[in-house]
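# Chain and residue survey
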Amino acid sequence: MSTRLTLRHALTAIGAVTALSAALIGASPAATAAAPAAPAPTVAAPDIPVANVKAHLTQLQSIATANSGNRAHGRPGYKASLDYVKGKLDAAGYTTTIQQFTSSGATGWNLIADWPGGDANHVVMSGAHLDSVTAGPGINDDGSGTAGTLEVALAVSRAGLQPTKHLRFGWFGAEELGMIGSKYYVNNLPAAERSKIDAYLNFDMIGSPNPGYFVYDDNGPLETVFKDFFATRGIPTEIETEGDGRSDHAPFKSAGVPVGGLFSGADYTKTAAQAQKWGGTSGQAFDACYHRSCDTSANLNDSALDNNSDAIAYAVWNLSTGTTTPPTGTVFENTTDVAIPDAGAAVTSSVTVSGIAGNAPSALQVGVDIVHTYRGDLVIDLVAPDGSTYRLKNSSGSDSAGNVVTTYTANASSEVANGVWKLKVQDVARVDTGYINSWKLTF
Ligand code: DTR
Ligand code: CA
Ligand code: ZN
Ligand code: ZN
């Protein structure tokens, strides 16, 4: 678990803030009313039917089966995969482009699809790698990202979306040989065109059979968009570090493009703590078939595929609709785990706020990510630098669900912003366990 304390200018994701009132308690000014939620996006993202995503994966499996069991660069299964994806996009009204390159003595191709319209000077791009290893069909790696991204692109067409920004999608070749296709794309894009890409979102393995929910931390605002989506589903996330530099986002990042993305895990082993918050099996790999012949259409977890595909849609819609300059905020975050003793004393986690002039806002956003087996036992407070305490959550005998992953708002307008703020959590009843996974203040 990351132990970073970070200051970020974050994109204040819209529509994901839970406007829960935070009652001020203790020797302080009058109690506060719930503040209005953050402005909703102009157009809400649709649900992505996981059945549609799986239908694409069934096709990719059939293609591999019909072509010596793989979809690798330089093999017939790769071009057959590209032809399938291109056919769907052409029929949906996309402007598709095939970019040819050579690697290891074999011809490869990238597939780029532009959704007509939007501000060409502000591009939101999403992508995945279309190739598998030679050892197998690569259904999770990276058929899952291929299919999830494809279905979001088709959802854009179904919705007849007219986003403020221009939408582009990419399916890259020869990623398994060292991100050859994405490097070729970025290196052959004129610098003036590269600078128009506001974000590149990468989806490489999003359906792992023993899944985790990892969010790329390369860019604060893009990380926040995904974390806020998962907060709406009550799913705790972790920072993705295993893949730094190991997938198609790397060439974009090297060229200065803001990057983000999602990952459900590969050959690393799921810990007991991770199994507690995500389910699945501890002591086993997130994907035991990584780079093996068993990475077939049976090597998937439908919930991970569904949640991640919906997260892609949420990010594409939220980053491309509404104003071209999304609202920003300053985020102060603590991602250090703090164990919460069962029926024990309160524990605290601190963030030091600096550089914020004047008082805190009347709608101070308090993002909370607590992993717990019975959240009804938890009492959660925000403590201002002067010791004033704001009740965010009371205990409840009727709330037997697990985890607290939400954003509260507190009217902290009577508090000076700069100083040490604390999240205070107490478990007030026996027989359950948990910990503060992370929390943050957005000013
Ligand atoms: N999907 C792998 C590369 C990889 C391994 N771990 C991560 C984490 C995040 C993104 C990508 C990866 C491959 O294509 O070999
Ligand atoms: Ca869905
Ligand atoms: Zn791979
Ligand atoms: Zn991959």
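Computed from a predicted structure; not experimentally measured.

## So, empty space enclosed by the protein
- Taken as a whole, this structure holds four cavities of 30 Å³ or more when the rule is applied.
- In this structure, the largest cavity spans a volume of roughly 140 Å³.
- As for the largest cavity, its lining consists of 17 residues, and the residues nearest its centre are K227, A231, V368, D369 and K440.
- Of all the secondary structure elements, the ones that give two or more residues to the lining of the largest cavity are α6 (220-232), β14 (364-372), β17 (404-410) and β19 (434-442).

## A few points about the packing of helix α2 (residues 76-91) against helix α3 (residues 139-159)
- In the contact formed by α2 and α3, the axes pass within 10 Å of each other and the chain directions differ by 15 degrees. In terms of orientation, α2 and α3 fall into the roughly parallel class. Here the hand of the crossing between α2 and α3 comes out right-handed. Mapping the contact onto sequence places Y84, V85, K88 and L89 in α2 and T146, L150, A153 and L154 in α3.
- Taken together, the residues of the contact of α2 with α3 sort by class into six nonpolar, one polar and one charged.

## Points about the state of the cysteines
- A complete count under the given rule lists one disulfide for this structure.
- Linked covalently through their sulfurs, C289 and C294 form a disulfide whose S-S length is 2.1 Å. Linking C289 and C294, the disulfide has an S-S dihedral of approximately -110 degrees and is accordingly described as left-handed.

Conventions adopted
Residues numbered from 1 in each chain as written. Chains lettered and ligands numbered in written order. Predicted model: local features only at pLDDT ≥ 70, side-chain atom pairs only at ≥ 80, totals over all residues. Heavy atoms only, no water. 1 Å grid on protein atoms, 1.4 Å probe; cavity = no way out; pocket = protein on both sides within 12 Å on 5 of 7 lines; lining within 4 Å. Points joined across faces, edges and corners; volume = space filled by probe spheres on them. Helix = DSSP H or I, 4+ residues; strand = E, 2+ residues; numbered from the N terminus. Axes fitted to C-alpha atoms, helices over the stretch in contact; angles between N-to-C directions. Parallel < 35°, antiparallel > 145°, perpendicular 65-115°, else oblique. Left-handed = near helix turned anticlockwise from the far one by under 90°. Contact = heavy atoms within 4.5 Å. Nonpolar A, V, L, I, M, F, W, Y, C, P; charged D, E, K, R; others polar. Disulfide = S-S within 2.5 Å.

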